[in-house]
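Okay, here's what each chain looks like letter by letter:
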Amino acid sequence: MKQIPKYFPLIPVFAAYAIMFLVAENMEGMWQLMSMLLFYCALGQAFNVFMGMTGYVDFGYVAFLGVGTYGMALSITRLVQYEFLGAWIIVIGFGLAMVMSTLLSMAVGAVALRLRGAYFAIATIGVNEGFRFLIEGARIWNGSEGMIFTADLNKVLGRDTAAALCTYWADIMVLVIAALAAFVTLVYMRSKIGYALTALREDEDAAKVMGINVTKYKIIAFITSACFAGLLGATAWALKTPYVFPPEVFEIHYTIEAIIIVMLGGAGTLLGPVVGGLVYGISKYYLSIFLPGFQLLIFAPVILVIIVLFPEGIVGMMKAKTKGTGMARFIV
Amino acid sequence: MKRSLVGGFIVFMFLLAGISFAGAAPDKIVIGHPACLSGKFAKAGEQAVGGIKACVEWVNTTYGGVEIGGKKVPLDYKYYDCESKKEAVTSLIGRLVSVDKVNVVFAPYSSGLTLRGAPVTESRQMLYMDHGGASNEIFQQGFRYVVQTIGPATSYHEGTLDMIHKIAPDDKKVALAYEDSEFAKMVMLGAKEHAKKLGFEVVFERTYPKGVTDLTPLLSALKASKPDFVLGGGHFEDGQLFNRQMADLDINTNGLSLIAAATLPAFYKALTTMAEGVMGPSHWEYGVKYSAEEAKAAGLPWIGPSQEEFMALFKKHTSEDMLPDYHAAEAGAQVLAYVLGVQKANAIDSTKVRDALGSLKFMSFYGGWDVDDSGLQVGHTMVDVQWQDGKRVIVWPKAAQTGKVCYPMPTFQEKAKGVKAVPK
């Protein structure tokens, strides 16, 4: 029972997800909007595990979503011929997405995590482009032609189930990933890993002197974050959009969006990515409706102003304001 | 007895109301479109929106509206900016269908974004018209409500090959050298199949990576295969490099056709006389001669504005200095196809309109229109453009041509001396 208050900060996060789900279910025309917002929240939450907790900015983050997409795509397209597997090819796809994103994060981490600050950022910039050119140049996994697998999904699951998977269940899975990422973030925050990561974020050299194996903890956060990205790619990009073209899944602007969401909400906070994802997604959506074509012109300065006014992010500012009050237990 | 009579009367009145409601023409028909107004496809998206607005205005004013149930109904066009991003495509389609209650959804630009929206429209049994996704594979996925207006990628070089087959029957050897991209591969797959069908011999085939800076090894190998003509390219930069290095290596063939690059004015500006005689396929070019007379000659019904009317309406909805390109034309032609589909079905129900579109054939300023059972466009012929004395001349098909083809084109040595590509 003593452990329960430890998990109080999950209440606002899960409440936000539950409200989004209820709005999507009960309000006509809101499902796709909510699924977009959930994607941004999940992206922020997954990215926050590494960037928020370590302070390292990984510009190659989208590559993990990309390989996760490929994991699911490969499972569906290569295993479709084994009819006895049925819907298990989706489960295998998730497994493959996790394995592939973990392997890539280990390979990238082994090199890049030995660097710091700007050097780390520069080293990771090329990861997504490099991986894309590897796939296209070496012509692996269909090379530049990519894979389209709606027909394969129809074959395995039947047309109606496949349609439900693309338009409903894939979104539910994104919700589960977002919730899971929040849970893992809190577990890390409340454990030795979190304390070590906080120490290294504040002063890496001092943390080292204190005997913390900073490389080990950085790798743990990096792999965890990459794993969630892989799952997100497998779900939001492969199941929701049954195709994969290399230029589309290794597009750097998704990394930029992840950075904006985390910064906007509050890096290193639990609630931050949810707030950041919602603010970012809702602003973009309604600006594109009321001012089609001009939304980015308005949105960019608004983001700048928010970041300048609240350098710790919206939740960071809320944390400071609620310090010492009863609310502090919930806003982490 | 009396009570049952009253009950029967009430049921009858409800049925009658239901029938009259079902048969009634709507006040307006709404087209929904998640347009690419920003992001990487912004240029194409802006053109498409301009083309759609131009044709919607033509339908509402000149044509008098869409005839349904004996009544003329105006079109309304609702669009949002999807920023060329897949997440926004699905959320905006959701809004268009549920909140705006559109009657048809026009897909955004590119095969990827078109595919992203397809499951959403399919699940709602909503007609989804594709004017910017050229991949044939979209139509091999079993979608029921996707209908294409743009020609498929595999048909890009069909016209070029048909033309050479007709004007130079002795030229049999073709070389294919193209960018390693999904689009170029699809184009060349179609070209290869069509070439074989026409009896051509593919003497050389090789791809080069994106962002290539030196094509000399590939072009030297191509030269050794002694082709009569070459089909190649992928994008603007590599197309330009292709042409320049063919000149450097003095590789002279009777014809050279480059996808994506050769139709752009910047291509000639960059290469000047080196570009003389170079051809390129396009979905549509300003200057095409498609007209009501051509339609009559081809035995097809005609609908829509003339090219000049389209141009004027397009400028009205965009800016005076903006010229429509094929992105605008194909999107505009899609409006016309939808109008004819609704009129043929005499309904706005997506399933009925989809069925009607399946059996529809017509010609507009964009050219022919006809889709097969899968929704793939098979009635539209690409036009082939050739640079002649610094001007883009449409040389194929005959129904669209603004001039005769110059074949064989002058050699690079002749071009360096100022010889222009002039048809004999």
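Conventions adopted
Residues numbered from 1 in each chain as written. Chains lettered and ligands numbered in written order. Predicted model: local features only at pLDDT ≥ 70, side-chain atom pairs only at ≥ 80, totals over all residues. Heavy atoms only, no water. Helix = DSSP H or I, 4+ residues; strand = E, 2+ residues; numbered from the N terminus. Rg over C-alpha atoms; globule rule 2.2 N^0.38 Å. Buried < 20%, exposed > 50% of the residue type's maximum accessible area, 1.4 Å probe, protein only. Contact = heavy atoms within 4.5 Å. Areas by Shrake-Rupley, 256 points an atom, 1.4 Å probe, with all protein chains shown as cover. Pairing = 2+ DSSP bridges. Axes fitted to C-alpha atoms, helices over the stretch in contact; angles between N-to-C directions. Buried area = accessible area lost by both parts, 1.4 Å probe. Salt bridge = Lys/Arg side-chain N within 4 Å of Asp/Glu carboxyl O. Polar contact = N/O pair within 3.5 Å; in protein donor to acceptor, adjacent residues only side chain to side chain. Nonpolar A, V, L, I, M, F, W, Y, C, P; charged D, E, K, R; others polar. Core = buried A, V, L, I, M, F, W, Y, C linked by side-chain atoms within 4.5 Å. Expected span 1.5 Å × (residues − 1). Phe/Tyr/Trp six-rings, centres within 6.5 Å; stacked < 30°, edge-to-face > 60°. Lys NZ or Arg CZ within 6 Å of the ring centre and 35° of its normal. pLDDT = per-residue confidence, 0-100. Parallel < 35°, antiparallel > 145°, perpendicular 65-115°, else oblique. Left-handed = near helix turned anticlockwise from the far one by under 90°.

What follows is about the overall build of chain A. A tally of helices and strands in chain A yields 15 helices and two strands. Taken against the 2.2 N^0.38 rule, which gives 20 Å for 332 residues, the C-alpha radius of gyration of chain A at 20 Å falls within 12% of a compact globule. Across the 332 residues of chain A, 56% fall into the buried class. Sequence separation of at least 24 residues holds for 78% of the intrachain contacts in chain A that already meet a minimum separation of 6. If you sum the accessible surface of chain A, you get close to 13,600 Å²; carbon and sulfur atoms cover 71% of it.

Before going further, it helps to spend a moment on the environment of Lys404(B). All names here are of chain B. Take Lys404: it is sitting in the loop between β16 (391-396) and α14 (412-416). Classification of Lys404 as exposed rests on a relative accessible area of 58%. In this structure, the C-alpha to C-alpha distance between Lys404 and Ile394, residues 10 residues apart in sequence, is 8.0 Å. Dropping the residues within four chain positions of it, Lys404 is found in contact with Gln388, Val395 and Pro423.

All names here are of chain B. Spatially, the five strands line up as an open sheet ordered β4-β1-β5-β6-β7, and their pairing is parallel. If you trace the sheet from one side to the other, it starts and ends with β4 (75-81) and β7 (146-148), each paired once. Across the sheet, the axes of successive neighbouring strands diverge by a mean angle of 25°, strand direction being ignored. Relative to β7, strand β6 (residues 128-130) is paired through three bridges, and the arrangement is parallel. Residue pairing in the sheet places Tyr128 in a bridge with Val146 of β7. Relative to β4, helix α2 (residues 42-60) is tilted by about 165°, and along the sheet it contacts β1 (29-35), β4 and β5 (104-106).

Taken together, the contact pairs 42 residues of chain B with 43 residues of chain A. For the pair chain B and chain A, the summed buried area comes to about 3,600 Å², and 52% of that belongs to carbon and sulfur atoms. The tally of links from chain B across to chain A stands at seven salt bridges. For Glu28(A), the salt bridge is made with Lys101(B), and the minimal N-O distance between the two is 3.7 Å. Taken together, the links from chain B to chain A amount to 17 residue pairs in polar contact (both at pLDDT 80 or more). Contributions of two or more residues to the side of chain B that touches chain A are made by β4, α3 (86-98), α4 (111-123) and α6 (182-197) of chain B. Split into classes, the residues belonging to the side of chain B that touches chain A amount to 11 nonpolar, 15 polar and 16 charged.

Okay, the nonpolar core next. Of all hydrophobic cores here, the largest spans 200 residues; its most connected members are Tyr17(A), Phe39(A), Leu75(B), Met129(B), Val335(B), Leu357(B) and Trp369(B). No other element matches helix α2 (residues 31-54) of chain A, which puts 17 residues into this core. Setting aside residues up to four positions removed in sequence, Leu75(B) forms contacts with Ile29(B), Ile31(B), Val56(B), Val59(B), Asn60(B), Val66(B), Val335(B) and Val339(B). The next biggest cluster of nonpolar side chains, apart from the first, holds 29 residues, and it includes Val187(B), Met188(B), Ala195(B) and Phe200(B).

Another aspect to go through is α6(B). Turn by turn, an α-helix covers 3.6 residues, leaving residues three or four places apart pointing in a common direction. All names here are of chain B. Its 16 residues place the ends of α6 23 Å apart at the C-alpha level, agreeing with the 22 Å of an ideal helix rising 1.5 Å per residue. Turning to α6, its buried residues are Glu182, Ala184, Lys185, Met186, Val187, Met188, Gly190, Ala191, His194 and Ala195. Check the buried side of α6 and you find it contacts α5 (158-167), β8 (173-179), β10 (229-233) and β11 (255-259). Looking one or two places after α6, you find Gly199, whose phi comes out positive at around 90°.

What follows is about the pattern of salt bridges. Under the definition given, this model contains 22 salt bridges over all chains. Among the salt bridges present, the one from Asp180(B) reaches Arg139(A), with a minimum N-O distance of 3.5 Å. Residue Asp180(B) is found in the loop between β8 and α6, and its partner Arg139(A) is found in the loop between α5 (117-137) and β1 (147-148); the two belong to separate chains. The exposure class assigned to Arg139(A) is partly exposed, which follows from its relative accessible area of 46%. What you see here is one network of salt bridges that share partners, running through Arg116(A), Glu204(A), Asp205(A) and Lys218(A).

Before going further, it helps to spend a moment on unusual backbone geometry. Residues and elements named next belong to chain B. Cis rather than trans, the peptide bond between Trp396 and Pro397 has omega equal to 0°. Inspection of the secondary structure assignment puts Pro397 in the loop between β16 and α14. For the bond running from Tyr407 to Pro408, omega is 0°, close enough to zero to count as cis.

On to helix α12 (residues 253-265) of chain A, then. Given a rise of 1.5 Å per residue, 13 residues ought to cover 18 Å, and the 18 Å separating the end C-alpha atoms of α12(A) matches this to within 8%. Downstream of α12(A) by a residue or two, Gly266(A) has a phi angle that is positive, lying close to 130°.

Attention shifts here to the packing of aromatic side chains. Residue and element names in this part refer to chain A. Under the defined criterion, the tally for this structure stands at 38 aromatic pairs over all chains. Taking the centre distance of 6.4 Å and the plane angle of 90° together, the rings of Phe39 and Tyr254 count as edge-to-face. Taken as a pair, Phe39 in helix α2 and Tyr254 in helix α12 lie far apart in primary sequence, 215 residues in all. The buried category is assigned to Phe39, whose relative accessible area is 3%. Of the aromatic side chains, those joined through ring pairs into one cluster are Phe47, Phe50, Tyr56, Tyr61, Phe64, Phe120 and Phe222. The positively charged end of Arg132 is found above the aromatic ring belonging to Phe133, 5.2 Å away from the centroid.

What follows is about the pairing of β1(B). Residue and element names in this part refer to chain B. Of all seven residues in β1, seven are buried, a share of seventy percent or more. Side-chain alternation along β1 places Ile29, Ile31, His33 and Ala35 on one buried face and Val30, Gly32 and Pro34 on a second face that is also buried. As paired strands, β1 and β4 are joined by seven bridges and run parallel to one another. Bridge pairing in β4 links Ile29 to Leu75. Of the pairings in the sheet, the one linking β1 to β5 comprises two bridges and is parallel in character.

Attention now goes to the confidence of the model for chain A. Averaged over all residues, the pLDDT of chain A equals 92, while 99% of them reach at least 70. Per-element confidence in chain A is highest for helix α3 (residues 62-79) of chain A, whose mean pLDDT is 97, and lowest for helix α14 (residues 295-309) of chain A, whose mean pLDDT is 83.

Residues and elements named next belong to chain A. Where helix α1 (residues 10-26) meets α2, the closest approach of the two axes is 8 Å, and the angle between their N-to-C directions is 160°. With respect to each other, α1 and α2 are oriented roughly antiparallel. Considering only the axes of α1 and α2, their crossing is left-handed. In contact with Val13, Tyr17, Met20, Phe21, Val23, Ala24 and Glu25 of α1, α2 contributes Trp31, Met34, Leu37, Leu38, Cys41 and Gln45.

Moving on to the side chain of Thr322(A). Residues and elements named next belong to chain A. Structurally, Thr322 is set in helix α15 (residues 313-322). According to the relative accessible area criterion, Thr322 is buried, its value standing at 15%. Apart from residues lying up to four places away in sequence, Thr322 is in contact with Met327, Ala328 and Ile331.

The next subject is the environment of Glu251(A). Position of Glu251(A) among the secondary structure elements: in the loop between α11 (246-249) and α12. Through-space distance from the C-alpha of Glu251(A) to that of Val13(A) is 28 Å; in sequence the pair is 238 residues apart. Aside from chain neighbours lying at most four places away, what touches Glu251(A) is Val62(A), Asn128(A) and Lys40(B).

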